[in-house]
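# Reading the structure
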Amino acid sequence: MSSISASTKEITAILLGKTGYGKSATGNTLLGFDRFEVVRVTSMSSITKLIFYETITIDGCRWNIYDTPGLMVADKNVEDIKAAVDDMSKVMRICQERNHGGIVFLLIYTINNTFSAEDRKTFEVLESIFGNRNFWKRCVLVLTKLDTLEGTFNEWLSSQRGCFTELKAKCGGNVVAVCNQDNNDGRRTLKINTREELQQVILRLASSGPSYTLKEYESYENLRNNIVLEYELPSLQSKYNEEINEIREQRLKVKRRRHREALLQRIAILKDRILEKDNGTGILQTFINSLDLEIQSTPNHWYFFFF
């Protein structure tokens, strides 16, 4: 690899992407040795479930490589979204604690699958987690399994449309295809060449402008709250609608002042829970409005008092 800028003393590469796309293998390629466990198609037991980290020094520059758990978010599973947010938060805190700078995000994808709306959703979630101001400026779209491609990479690039071109544009055209295999001379040479190309792109991004920081990450907390709440919304809708319907039925049966007071207390408790869950996003405002309507519709005048 050619010499780096004298101002570049540290690189932090954070590997992001779905399980099975080659994150761990790409991390090993960057390191030059096997450190991260690679997912095998026939055995999902080797999926990365923890955050792994390794560091090496290349040409006087320290490289910190983070292998993160896969992002399984396409099926709108709220638990997966929460896990993704928690994992990325841990990565950023670890980088802060270890004083790791020069952060570059590697968005890993495999070259022999078609980009789909599912993949777009994965990267939309990443944008909600990291923000869109400095995140995309420090992203490289890395395509694995270059050795399985028929034809040239440039031909493949020119044939892509839709979601891929959107992601390529978001990453500022920073797209690198890599080979992570070295089981024959051809692949070994290809692996070395693509490794150097990827390193050069990472170096360029790491030395251009201010690094992504924990402070910037924390500034997007509302976005992360929103995306988690949006994924959780279907189950919350069912739950809150059921409780509001019960409150409505109870309101229709109010005959005494003590009944009204008990109902208003129940409404207040549910409203507080929803407000806490909403956390200022406004996503659950419809339910708040429904509860306010129930309060307004609750009788507050009595002709007979029986206690």
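The preceding data block contains the structure.
Residues numbered from 1 in each chain as written. Predicted model: local features only at pLDDT ≥ 70, side-chain atom pairs only at ≥ 80, totals over all residues. Heavy atoms only, no water.

What follows is about the pairing of strand β4 (residues 103–110). Regular strands place their side chains on alternate faces of the sheet. With eight of eight residues buried, β4 lies mostly within the body of the structure. Covered by surrounding structure in β4 are Ile103, Phe105, Leu107 and Tyr109 together with Val104, Leu106, Ile108 and Thr110, the residues of both alternating faces. In this fold, β4 hands off to helix α3 (residues 117–130), which returns the chain to strand β5 (residues 139–144); that crossover is right-handed. (Buried < 20%, exposed > 50% of the residue type's maximum accessible area, 1.4 Å probe, protein only. Helix = DSSP H or I, 4+ residues; strand = E, 2+ residues; numbered from the N terminus. Right-handed = clockwise from strand over helix to strand, strands pointing away.)

Attention now goes to the nonpolar core. Considering soluble globular proteins, one finds that nonpolar side chains tend to be buried as a cluster. Of all hydrophobic cores here, the largest spans 71 residues; its most connected members are Trp63, Leu106, Leu107, Phe130, Phe135, Leu143 and Phe153. Ranked by residues supplied to this core, first place goes to helix α2 (residues 78–97) with eight residues. Setting aside its immediate chain neighbours within four residues, Trp63 contacts Ile11, Leu30, Glu54, Thr55, Ile56, Ile58, Gln199, Ile202 and Leu203. By size, the runner-up hydrophobic cluster in this structure holds 15 residues, among which are Leu229, Leu236, Leu263 and Leu270. (Core = buried A, V, L, I, M, F, W, Y, C linked by side-chain atoms within 4.5 Å. Contact = heavy atoms within 4.5 Å.)

So, on to the pattern of salt bridges. In a structure, side chains of opposite charge can pair up when their charged atoms sit close to one another. According to the stated counting rule, one finds 14 salt bridges in the structure shown. Measuring nitrogen to oxygen at the nearest pair gives 3.1 Å for the salt bridge that ties Lys170 to Glu127. Placement of the pair is Lys170 in helix α5 (residues 163–170) and Glu127 in helix α3, with a sequence separation of 43 residues. A salt bridge links Glu246 to Arg266; the shortest N-O distance between them is 2.7 Å. Of this pair, Glu246 sits in helix α8 (residues 221–252) while Arg266 sits in helix α9 (residues 257–278), placing them 20 residues apart in sequence. You can call Arg266 partly exposed: its relative accessible area is 29%. Linked through salt bridges whose partners overlap, the residues forming this network are Lys82, Glu232 and Lys277. (Salt bridge = Lys/Arg side-chain N within 4 Å of Asp/Glu carboxyl O.)

Let us look at the side chain of Asp278. For Asp278, the position within the fold is in helix α9. Buried charge without a salt bridge: Asp278, with Lys277 as the nearest opposite-charge side chain at an N-O distance of 11 Å. Engagement of the side chain of Asp278 in a polar contact is seen with the backbone nitrogen of Ile283, the distance being 2.9 Å. (Lys, Arg positive; Asp, Glu negative; His and termini not counted. Polar contact = N/O pair within 3.5 Å; in protein donor to acceptor, adjacent residues only side chain to side chain.)

Summed over the entire model, instances satisfying the criterion amount to 14 aromatic pairs. Relative to Phe130, the ring of Phe105 lies with its centre 4.8 Å away and its plane at 55 degrees, an arrangement referred to as tilted. Here Phe130 lies in helix α3 and Phe105 lies in strand β4, a separation of 25 residues in the sequence. Relative accessible area serves as the criterion here: at 1%, Phe130 is assigned to the buried category. With a centroid separation of 5.1 Å and an interplanar angle of 65 degrees, the aromatic rings of Phe115 and Phe164 are classed as edge-to-face. Linking Phe115 in the loop between β4 and α3 with Phe164 in helix α5, this pair joins segments that are 49 residues apart in sequence. The burial state of Phe115 is the same as that of Phe164; both residues are buried. Across the ring face of Tyr217, the terminal group of Arg224 is positioned such that the distance to the ring centre comes to 3.7 Å. (Phe/Tyr/Trp six-rings, centres within 6.5 Å; stacked < 30°, edge-to-face > 60°. Lys NZ or Arg CZ within 6 Å of the ring centre and 35° of its normal.)

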